[in-house]
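# What the coordinates show
Here is how the chains run, residue by residue.
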Amino acid sequence: MSSPRLLGAALEWARSHIDAVDARALLCHVAACSRATLSGFPERSLTDEQSARFASLVERRRVGEPVAYLVGEREFLSRRFRVGPGVLIPRPETELLVEEALRRVVGRDRLRVLDLGTGSGVLAISLALELGAMVESVVAVDRSSEALGYAVWNAGALGARVDFRQGDWLAGLEGYQFDLVVANPPYVADGDPHLAQGDLRFEPMSALASGPAGLDDIRLIVRALDSHLADGAWVLLEHGYDQAVDVRALLSRAGLTEVASVKDLAGIERISVGRHRIDVASGKAVD
Ligand code: GLN
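Here's what I pulled together on the structure shown here. Every chain begins its residue count from 1, and numbering advances along the sequence as written. Residues qualify for local features only when their pLDDT is at least 70, as the model is predicted, and side-chain atom pairs are given and counted only at 80 or more; totals for whole chains, interfaces and linings, by contrast, use all residues. Only hydrogens and water are set aside when side-chain values are computed; all heavy atoms of the structure are taken into account.

## What about helix α7 (residues 122-131)?
Worth spelling out the cut-off: Buried residues are those whose accessible area, probed at 1.4 Å on protein chains only, stays under 20% of the maximum for their type, while exposed residues exceed 50% and partly exposed ones sit between those limits. Here a strand is any run of E in DSSP of at least two residues, a helix any run of H or I of at least four, and the numbering for each starts at the N terminus.
By the criterion of burial, α7 is predominantly enclosed, with eight of the ten residues buried. Within α7 the residues assigned to the buried category are Val122, Leu123, Ala124, Ile125, Ser126, Leu127, Ala128 and Leu131. Following α7 by one or two positions, glycine 132 has its phi on the positive side, about 50°.

Listed below in structure tokens is the structure:
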């Protein structure tokens, strides 16, 4: 099967099978052209090979494969990250986590940053690049070697210095202290019907689901963080739309201060934060 050869006709044909935005993204990818070219030069022609490839991508999209996997990349904070089956597709909500982290550490230096469950590396790499000289080190952990393959490739392509490690949350980081810890862990409840819908069907379950309430991994992370936080360290966790109260409680119970949640663009409390403070007089964490 192949699509019509001319860009304009190919686009129109695809739009009768899949969403118009997806059709444009796939056609730009196959024709290696900009969206402006598509609309400005609809009479340009695809090669035979391109029109066959386009038809196959449109069909794969029609049966549900995520556009990000079909084109092999997704933009995150204006940078392009390579993604594919085996790694979570970065979401726009997660961009907020970077912005909130940056806001909290302005003016500091020699920052030791940790990203837990880095996936394609978006958080670690964006923070490394945005913080630049303010950073002493960025460590990023993932249990999946497949995910780390993407992350390492992305850091290389984007010129970010990140120390990637394979491991289970904080296991293997004994003795390390951090000033900023971020994570977008799995947080969907096992059996949540969304797991059987849309892009999520194609993404790694290990990056999405986390126990009956979706809180198993967040609980593990918060518990394990304790001995890894330097005085003044910030912790920022992304979580599900209905988990902010629980995550704030976990952070407070772990002895963190300045605990709060941040709303995403849809008005949903999507990120919760806390800070580790040492009480100078007693040497204990301040509650
Ligand atoms: N926000 C994602 C979704 O439900 C879940 C990502 C995650 O579990 N970290 O679409």
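Following the structure, the description resumes.
## Quick notes on the site of the ligand
Formally: We call a residue near a given molecule or strand whenever any one of its heavy atoms falls within 4 Å of it. Any pair of N or O atoms that falls within 3.5 Å is considered a polar contact. Within protein, one atom must be able to donate a hydrogen and the other to accept it, and sequence-neighbouring residues count only if both atoms are side-chain atoms. Residues are grouped as follows: Ala, Val, Leu, Ile, Met, Phe, Trp, Tyr, Cys and Pro are nonpolar; Asp, Glu, Lys and Arg are charged; every other residue, Gly included, is polar.
The immediate surroundings of the ligand are formed by Arg91, Glu93, Asn184, Pro185, Pro186, Tyr187, Val188, Leu200, Ala207 and Leu208. Between arginine 91 and the ligand, the recorded distance is 3.0 Å, taken from a side-chain N or O atom to an oxygen atom. At a separation of 2.8 Å, a nitrogen atom of the ligand approaches a polar backbone atom of proline 185. Taken together, the residues that form the shell around the ligand break down as seven nonpolar, one polar and two charged.

## What about the pairing of strand β7 (residues 229-238)?
Side chains on a regular strand alternate between the two faces of the sheet. Threshold: In this analysis, strands are considered paired if DSSP registers two or more bridges between them. With its strands directed away from the observer, a crossover is right-handed exactly when the path from the first strand over the helix to the second travels clockwise.
Extensive coverage of β7 is indicated by the burial of nine of its ten residues. Where strand β6 (residues 178-183) lies against β7, five bridges are found, and the strand directions are parallel. Pairing of valine 182 across the sheet is with leucine 236, part of β7. For the segment spanning β6, helix α9 (residues 216-225) and β7, crossover handedness is right-handed. Summarising the sheet, β7 and strand β9 (residues 269-275) pair through five bridges and their orientation is antiparallel. Opposite tryptophan 234, over in β9, you have arginine 275 as the bridge partner.

## Focus on the nonpolar core
Formally: Buried Ala, Val, Leu, Ile, Met, Phe, Trp, Tyr and Cys residues form a nonpolar core when they are joined through side-chain atoms within 4.5 Å. Residue contacts follow a heavy-atom distance rule, with two residues in contact if any of their heavy atoms lie within 4.5 Å.
The biggest cluster of nonpolar side chains holds 32 residues, and the ones touching the most others in it are Leu127, Val162, Phe164, Leu180, Val182 and Leu236. Going through the elements one at a time, α6 (92-105), β3 (111-116), α7, β4 (135-142), α8 (145-158), β6, β7 and β9 are the ones with two or more residues in this core. In terms of residue count, α7 provides more of this core than any other element does, seven residues in total. With residues near it in sequence (within four places) discarded, phenylalanine 164 still touches Thr118, Ile125, Ala140, Leu148, Ala151, Val152 and Ala155. Judged by nonpolar contacts, the second largest core, of 30 residues, contains Leu114, Ala233, Leu250 and Leu251.

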